[in-house]
Structures are given as structure tokens and as C-alpha cells.
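# Summary of structural features
Residues per chain, in single letters:
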Amino acid sequence: MDQLRPLLQLDETIGRIMKSDLAIHAEGIGKQYRIGAQQKSYSTLRESLMDLSTSAVGAVRGGLKELRQRREKNSFWALKDISFEVKRGDVVGIVGSNGAGKSTLLKVLSRITDPTLGFVDLRGRVGSLLEVGTGFHPELTGRENIFLNGAILGMPRSVVKKQFDAIVDFAGVERFVDTPVKRYSSGMYLRLAFAVAAHLEPEILLVDEVLAVGDVQFQNKCIGKMESVAKEGRTVLFVSHNMAAIRSLCTQGIMLRRGQVVSQGDVQTVIQDYYADLGLLGSNESPEEEDGRNVFGRIVLDSGESNTLNHAEPFEISTTFKFDTTVSGFRLFCFFSDMRNQQLLGVCKTSEELGFNADVPAGKHRVSVSFPPMWLSPGMYSVYFKMMMADVDTSKHQSDAFPLDVFGDSSPVDAMIHPDTNWTVQISEDTRSNTWKLKTSIQTS
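Source: prediction; values computed, not measured. (Residues numbered from 1 in each chain as written. Predicted model: local features only at pLDDT ≥ 70, side-chain atom pairs only at ≥ 80, totals over all residues. Heavy atoms only, no water.)

### Observations regarding the confidence of the model for the protein
Averaged over all residues, the pLDDT of the protein is 78; the fraction at 70 or higher stands at 74%. Strand β20 (residues 435-440) is the least confidently modelled element of the protein, averaging 50 in pLDDT, while strand β8 (residues 252-257) averages 94, the highest of any element. (pLDDT = per-residue confidence, 0-100. Helix = DSSP H or I, 4+ residues; strand = E, 2+ residues; numbered from the N terminus.)

### Side note on the sheet that holds strand β4 (residues 117-122)
Where strands meet in a sheet, backbone hydrogen bonds hold them as pairs that are either parallel or antiparallel. With antiparallel pairing, three strands are arranged side by side in an open sheet as β2-β1-β4. Each edge of the sheet is formed by a strand with only one pairing partner; in this case those strands are β2 (75-87) and β4. Here the strands of the sheet are splayed against their neighbours by 15° on average, with no regard to which way each runs. Inspection of the sheet shows strand β1 (residues 22-34) paired to β4 by five bridges, in the antiparallel sense. Looking across to β4, one finds that A26 is bridged to V120. Of the strands in this sheet, β1, β2 and β4 are in contact with helix α4 (residues 102-109), which crosses β2 at around 65°. (Pairing = 2+ DSSP bridges. Axes fitted to C-alpha atoms, helices over the stretch in contact; angles between N-to-C directions. Contact = heavy atoms within 4.5 Å.)

### Observations regarding the nonpolar core
Grouped burial of nonpolar side chains is what soluble globular proteins tend to show. Ranked by internal contacts, the top residues of the largest apolar core, which has 52 residues, are I146, L192, F194, F238, M243 and I246. Other than its neighbours up to four places away in sequence, I246 contacts G93, I94, V95, F238, S240, V267 and I271. Counting residues in hydrophobic clusters, the runner-up holds 31 residues, among them F323, Y381, V383 and V406. (Core = buried A, V, L, I, M, F, W, Y, C linked by side-chain atoms within 4.5 Å. Buried < 20%, exposed > 50% of the residue type's maximum accessible area, 1.4 Å probe, protein only.)

### Points about the packing of helix α6 (residues 157-171) against helix α7 (residues 186-199)
The contact between α6 and α7 brings their axes to 8 Å, and the two run at 145°. Where α6 crosses over α7, the two elements pack in a sense that is right-handed. Side by side, α6 and α7 meet where Q163, A166, I167, F170 and A171 of the first sit next to R191, L192, F194, A195, V196 and H199 of the second. Counted by class, the contact of α6 with α7 contains eight nonpolar, two polar and one charged residues. (Left-handed = near helix turned anticlockwise from the far one by under 90°. Nonpolar A, V, L, I, M, F, W, Y, C, P; charged D, E, K, R; others polar.)

### So, the sheet that holds strand β7 (residues 235-239)
As summarised here, the arrangement of the six strands in space is β5-β6-β7-β3-β8-β9, forming an open sheet in which the pairing is mixed. Whereas interior strands pair on both sides, the edge strands pair on one side only; in this sheet they are β5 (126-129) and β9 (260-266). With strand direction ignored, the average angle separating the axes of adjacent strands in the sheet is 15°. The pairing of strand β3 (residues 91-95) with β8 spans four bridges and is classified as parallel. Residue pairing for β8: V92 is matched across the bridge by Q252. Against the sheet, α7 contacts β5 and β6 (204-208), and its axis sits at roughly 165° relative to β5.

### Side note on α6
Under the 1.5 Å per step criterion, the end-to-end length of α6 is 20 Å for 15 residues, consistent within 8% with the ideal 21 Å. Of all the bends in α6, the greatest, near 45°, is centred on Q163. Looking only at α6, the buried set comprises V160, Q163, F164, I167, V168, F170 and A171. Positive backbone phi, at 70°, marks G172, one or two positions downstream of α6. (Expected span 1.5 Å × (residues − 1). Bend = angle between axes of the 7 residues up to and from the residue.)

### Some thoughts on the pairing of β8
Direction of pairing for β8 relative to β9: antiparallel, over a ladder of six bridges. Its bridge partner being in β9, G253 is matched across the sheet by G265. As consecutive antiparallel partners, β8 and β9 are separated by two residues, and within that stretch R258 has a phi angle of approximately 50°, a positive value.

Put into C-alpha cells, the structure is as follows:
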């Protein structure tokens, strides 16, 4: 009976999965790779037998334990003991630093690679966009690859025909649809691959860094399409370093670190854990200085416990700066940039305007900048400080960028910045002479 217990437990697990509303069930996934492993050329039967006998002799002489240790030394675990469940219709963002195992996890889920340990149960057709052109045959045309991918997904040819025009239109490859895809640019490859994956109606869609390639217009189309896919009740797993896209698209999140799950649950909580793991939140102490080039400490938002704010509330950005000797003055700038590193706003104060005398004493000083509500549209921004020293024209110090995550209802104004404004209208008898007065204010203190 004890020998049958593991089989009974596995049968119960499978039964629970089959009866539930789960789309994905992953249990104890591990993926091990050999370091420096290379593809060997074909060997003769004699060479194979010699290798086998040598391995057997080595195992007997050194012991199986030593052989296992040697194998462990020459390998690493890209994934280790990963377990999670995703319900039908959930949109899950997977975050983590480079090398955390995000892409490897999606390859295991999409059956491109087998796990070394554990198992994955997927309920439904899986469409995946993991790398540019994954699943495309380079010698086939765009048209032929669309039907090929449909067949791989198990879609009837009639369904692929129905979606064909929408796929080609989304990808913008009408002129080249009958050209072999090996002649496509990387952008064309990506657009067609995403269009196929999103339009052939898989129950589970796996997307890996689709926003890392392509222009802004195409990225916005991708986000819009994934939003519509999610609203249709299909399951989406989305890997990206773009936290604004993760937050806007996903309801749940999973964070990986060195191949292991370290946080999962509500997407906003996972994003905060990710920022904390990067060291962008938490301590206000100054980072280590390099040859005196960095005078700034960490930037904090309000209380310093988060980097997230509601755009309908006022907020305060603060930091510290430190001088080893007395300085004769400075100009301090606070800049806001979008995620494409385009400056959106800059405010400036001199040391005198901040309350210092002609000379600024040595020591650590704190500065805060207050902003009103309702002027910054929801999205992701970078905030940083710059300092120009009064006594040396070329002396410039810049703080590390702080990731600011602004949420709230979308603005009807299609712009990132729309300050809180006071509008007055003076209406005369002649309506053609109406005058409009616009008063804006972004104050600092």
C-alpha cells in the first residue's frame, strides 16, 4: 500500500486539475543545463562502445556519488522547484532580472523544452511568441507560415482563412505575404509572428518580451490586442521588463529570482517586490561614492515605502545630497522622463532659493519637491536630480533614476502631462468674442 501512495496522490492531483477551472498547473518544475555542453558530431559504433565502457569503469572506480558530484559541478539549474496555478481567463505577468529564468519557464510551458523535474498540465491550445519568428519555416512564404501555424495549433483551415485578412492587416505585410519569410526584416518577422499568435485564438497565449522590438506604434497595437484577448476570457502569460505594460495588462504576477519563485499574487504587490529586489526602494542612505562624482542619496516618494501613486493625489519627491567641503552654491534640477528617456518636465532652484546662504556648508542635506495632483497621466516615469555647481561650469552630478509608477483613471487628454488647471470663460452677447483664460501651476517647495 505504501508503494501505491505516490500514484494515488498523483491520481488525486490530476483529478482535481481536470475538475477545476485551472488552465495551467505547474508542479515542482526544474530545468538543468550542462555548462559548456556542445553538440557532438556523429560517432562510430566503436567510439560509442568505448565511451560507454570508460564511463562504466569510472563509475565503479570513483563511485556513483563522485560521478553525480562531477555532473552537478558542470551544470546549473535554470529553474528549480517552481510550482504555480493559473486559472482560465487570468492574465499573469512574469517579472525578474535578466537570467532569472523567465524565458526558460515559457519554453517549458510551451513544450519547446522538457523539464528535468516536475510536470506541467496545460488545458487548451497554446499559442506562443517567445522569440522572433519561433515556429516559422524560413523557406515558406508568410501566407504558408500562417496556415502552418494554424495547423500546429489544431485550427481548421476554414478558421485560419477567416482570420487571414485580419492577421495580414495587423502585421502590415500585405505586399510581402507571398515572399519567403527568410527575406523579411526582423520587424516584419515579429509583426507577423505576433499577429498569428494573437489572432488564431489559442486558449493560452504565452508572450515573451514582444515589446522589446518594434516601434512605438506597433508596441501600442500589441498592448491593445493583448487587452482584447484578455477581455475575451483567454489565459495570457506575459514576460516583460516594461512594468507599465505589466501593470495595465495583468491582474496576477509571478516574480523569479535565480530560477525560483520568490513572489506571486496580486500584480501590484509583485511589482513592488521586483523594485525592492532591484534595490530601488527601501534605504535612504547614500550609495557608495565613486571619486566624489555622486553627491546624491536615494530618491524616495512620500514616505519612501513605495514607488506607486494615484495621479489624483499630491505627492512629494525627496533625496539627500552630501558635500565634503563648503561649496559656493549650486543649481538643483528635478527631471521627469518617460520610459523612452524623453524629458517631459524639469524644475530648477538655486541654492539661495532653497534657503542656503552664499556658501553651502559641508554635510548631508535633504531636499523635497512637492507636486499637485491631476497633472501626470497614468504610466511609468523616471525621476532624477541633477546639480550644477556654481564655482565650476563643467561640474555636474546626477542621481540614480527613480521608477515612478502612476495609476488611476485614464485621461481623455491624449498626453502624458496635463496640469491641474483653472479655466474661466467670459461670455458676452456676441458669442464670437468669448475669451478663454488658462492658468496653470506646478509649484515646488
